[in-house]
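# Chain and residue survey
Here is what each chain is made of, one letter per residue.
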Amino acid sequence: MLNQSDNYFYSLPEPQQSCLLFMRQFLLSFSPEIREAWKFNMPFYYYKNQWFCYLSFQPKTKKTYLAFVQGYRMKHPKLVAEGRKQIKVFYIEAAIDIDVKSLKAMLKEAKALYV
């Protein structure tokens, strides 16, 4: 039986489904302290039991992204706030290879905020 996060991922259209499944696996393997939970009707990730980030696909705009809860404290050039006060997002083009180097740098920067 699938959990709510599994249902979310497997209900997405391709290529967003494959993209977000990769992102999910990447996040969970990045650190043993990152865990997945279902919150706010989306897969949400905790680091050291604190809100860390979430993955999202917006069907209307077809935008896929990784959002960092403490993004306002991050300086990575590929993160955008777009009027949000706290969260910054990293947009992912689902049909194109993910910039893993930038993704790793963002995750390292975000983890450093949770000392």
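Here we summarise the structure given alongside this text. Note that the structure is predicted; figures quoted are calculated from it, not measured.

### Looking at the nonpolar core
In terms of nonpolar packing, the biggest core is built from 37 residues, with Phe52, Leu55, Leu66, Phe68 and Leu103 touching the most fellow members. When residues no more than four places from it in sequence are discounted, the contact partners of Leu66 are Met23, Leu27, Cys53, Tyr54, Leu55, Lys88, Val89, Phe90, Ile92 and Leu103.

### Here we look at the state of the cysteines
For the structure shown, the criterion picks out 0 disulfides. Here Cys19 stays free of any disulfide, with the sulfur of Cys53 as its closest cysteine sulfur at 14 Å.

### Details of the packing of helix α1 (residues 4-11) against helix α2 (residues 16-30)
For the pair α1 and α2, interaxial distance at closest approach is 8 Å and the crossing angle is 145°. On α2, the residues touching Ser5, Asp6, Tyr8, Phe9, Tyr10 and Ser11 of α1 are Gln17, Leu20, Leu21 and Arg24.

### Things to note about the environment of Val89
With respect to the helices and strands, Val89 occurs in strand β5 (residues 88-92). Residues Val89 and Cys53, 36 residues apart in the sequence, show an inter-C-alpha distance of 9.3 Å. Beyond its immediate stretch of four places on either side in the chain, Val89 contacts Tyr65, Leu66, Ala67, Lys78, Leu79, Val80 and Arg84.

### Overview of the environment of Thr64
When you line up the elements, Thr64 lands in strand β4 (residues 63-68). Overall, the relative accessible area of 1% leaves Thr64 in the buried class. Measuring from C-alpha to C-alpha, the distance between Thr64 and Tyr91 comes to 6.0 Å, with 27 residues separating the pair along the chain. Apart from residues lying up to four places away in sequence, Thr64 is in contact with Gln16, Cys19, Leu20, Ser56, Phe57, Phe90, Tyr91, Ile92 and Ala94.

### Quick look at the pairing of β4
Along β4, 5 of the 6 residues are buried, which leaves the element largely enclosed by surrounding structure. Linking strand β3 (residues 50-58) back to β4 in an antiparallel pair, the connection comprises 4 residues, with Lys62 at a positive phi of about 65°. Looking at chain direction, β4 and β5 are connected through 5 bridges and run antiparallel. Bridging from a neighbouring strand, Tyr65 pairs with Tyr91 of β5.

Rules used throughout
- Residues numbered from 1 in each chain as written.
- Predicted model: local features only at pLDDT ≥ 70, side-chain atom pairs only at ≥ 80, totals over all residues.
- Heavy atoms only, no water.
- Core = buried A, V, L, I, M, F, W, Y, C linked by side-chain atoms within 4.5 Å.
- Buried < 20%, exposed > 50% of the residue type's maximum accessible area, 1.4 Å probe, protein only.
- Contact = heavy atoms within 4.5 Å.
- Disulfide = S-S within 2.5 Å.
- Axes fitted to C-alpha atoms, helices over the stretch in contact; angles between N-to-C directions.
- Helix = DSSP H or I, 4+ residues; strand = E, 2+ residues; numbered from the N terminus.
- Pairing = 2+ DSSP bridges.

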